[in-house]
Amino acid sequence: MINLPSLITLPFAHENTVAADDSAEDKYPESIPRMLIQRLSKKGDKVFDPFLGHGTSAFEAEALERIPYGVEADGGRYEWAAGQCEYWQNIFHADAADIPALGLPKMDLCVSSPPFMARHHKWNPLAGGDPDFSGYGTYLQMLSDIFAGVKTIMKRGSLVCVHVENVQIGKVFTPLVRDFSFCLSESFVPVGESIIKWEGRDTNEPQHSHVLIFKNSQ
Ligand SMILES: C[S@@+](CC[C@H](N)C(=O)[O-])C[C@H]1O[C@@H](n2cnc3c(N)ncnc32)[C@H](O)[C@@H]1O
């Protein structure tokens, strides 16, 4: 197992802004990638996020003198994130399904928060809602396939950290923590899990998140 406490308290704050026409609803607090990058990598390491979103992982990687790499499917978000990175040429506007074809170097650490989906919804966020790819089963299969692709660019022995929360909508509970564990375990070995207890999050919102840690053993 890796040396990360099983319970970590972090501030729930969005320190960076997002694009004026965007919402920070699916942005994770800087405290998550900052803590993981600080603890699990060293200066000069290559840190990858296959779902870069508003750029949080890349900004934290640069602030900690690591080299950021990222992929984001949404054009506006890609421009927002790449436009603020010193290493903007390492940020790709692409589908994470195409990661093996992007010519990326081998990474030292992956830190990410994939888009979440409720199991009773049809709209698959990994496919931008394309009806040909609707449903929770397809979403999980795509997530497995994307991380199988991520594996091709990870160094041997490197760690992959995924932020995830279970989703409760009305009476329907979606066990995303369990299901992400299954998906990632198809390509990587689970080596740790930390519960993140949020400090200062709205009381209507979940008061904790999970970070699942996997190792690329081969
Ligand atoms: C939960 S958000 C990530 C937020 C990010 N951690 C941050 O703090 O800004 C997930 C992101 O994945 C992107 N995304 C969804 N499907 C994708 C795909 N197939 N390939 C690449 N990016 C995708 C979405 O556009 C969204 O920005």
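Below is a summary of the structure that appears in this document. Each chain has its residues counted from 1, running along the sequence as written. Predicted model: local features are reported for residues with pLDDT of at least 70 only, side-chain atom pairs are reported and counted for 80 or more only, and whole-chain, interface and lining totals are derived from all residues.

## Here we look at the site of the ligand
Nearness is defined per residue: the C-beta atom, placed using the backbone, must lie within 6 Å of the molecule or strand. Taken together, the neighbourhood of the ligand is formed by 19 residues, with Phe-51, Gly-53, His-54, Thr-56 and Ala-96 sitting nearest. Grouping the amino acids of the shell around the ligand by side-chain chemistry returns 9 nonpolar, 4 polar and 6 charged. Each residue gets one label: Ala, Val, Leu, Ile, Met, Phe, Trp, Tyr, Cys and Pro are nonpolar, Asp, Glu, Lys and Arg are charged, and the others, such as Gly, are polar.

## A short note on unusual backbone geometry
Phi angles above zero are rare outside glycine, and Glu-65 is one such case at about 65°. In this text, helices come from DSSP runs of H or I with a minimum length of four residues, and strands from runs of E with a minimum of two, each type numbered from the N-terminal end. Residue placement: Glu-65 occurs in the loop between helix H2 (56–63) and strand S3 (67–72). Take Glu-65: there are 11 C-beta atoms within 10 Å of it, and that puts it in the exposed class. Think of it as a crowd count around each C-beta: if 20 or more other C-beta atoms lie within 10 Å the residue is buried, if 12 or fewer it is exposed, and in between it is partly exposed, with C-beta placed from the backbone throughout.

## So, the nonpolar core
A set of buried residues drawn from Ala, Val, Leu, Ile, Met, Phe, Trp, Tyr and Cys, joined through C-beta atoms within 7 Å, is what defines a nonpolar core. In this structure, Cys-110, Val-160, Cys-161 and Leu-184 are the most contacted members of the largest nonpolar core, which totals 55 residues. The contact criterion used is a C-beta to C-beta distance within 7 Å, with each C-beta placed from the backbone. In this structure, Leu-184 is in contact with Phe-147, Val-160, Val-162, Leu-212 and Phe-214, ignoring residues within four places of it in sequence.

## Thoughts on the environment of Ser-6
Topologically, Ser-6 is positioned in the segment before strand S1 (7–11). For the pair Ser-6 and Arg-66, spaced 60 residues apart in sequence, the C-alpha separation works out to 25 Å. Apart from the residues within four sequence positions on either side, Ser-6 is in contact with Ser-194 and Ile-195.

## Overview of the sheet that holds strand S6 (residues 154–164)
What makes two strands pair is DSSP finding at least two bridges between them. Reading across the sheet, the 8 strands line up as S1-S9-S10-S6-S5-S2-S3-S4 and stay open at both edges, with mixed pairing between neighbours. Only two strands of the sheet have a single neighbouring strand rather than two, namely S1 and strand S4 (91–93). Pairwise comparison of adjacent strand axes, ignoring direction, gives a mean angle of 20° for this sheet. Pairing between S3 and S4: 3 bridges, direction parallel. Inter-axis angles, ranging from 0 to 180 degrees, are taken between N-to-C directions of lines fitted to C-alpha atoms, where helices are fitted over the stretch in contact.

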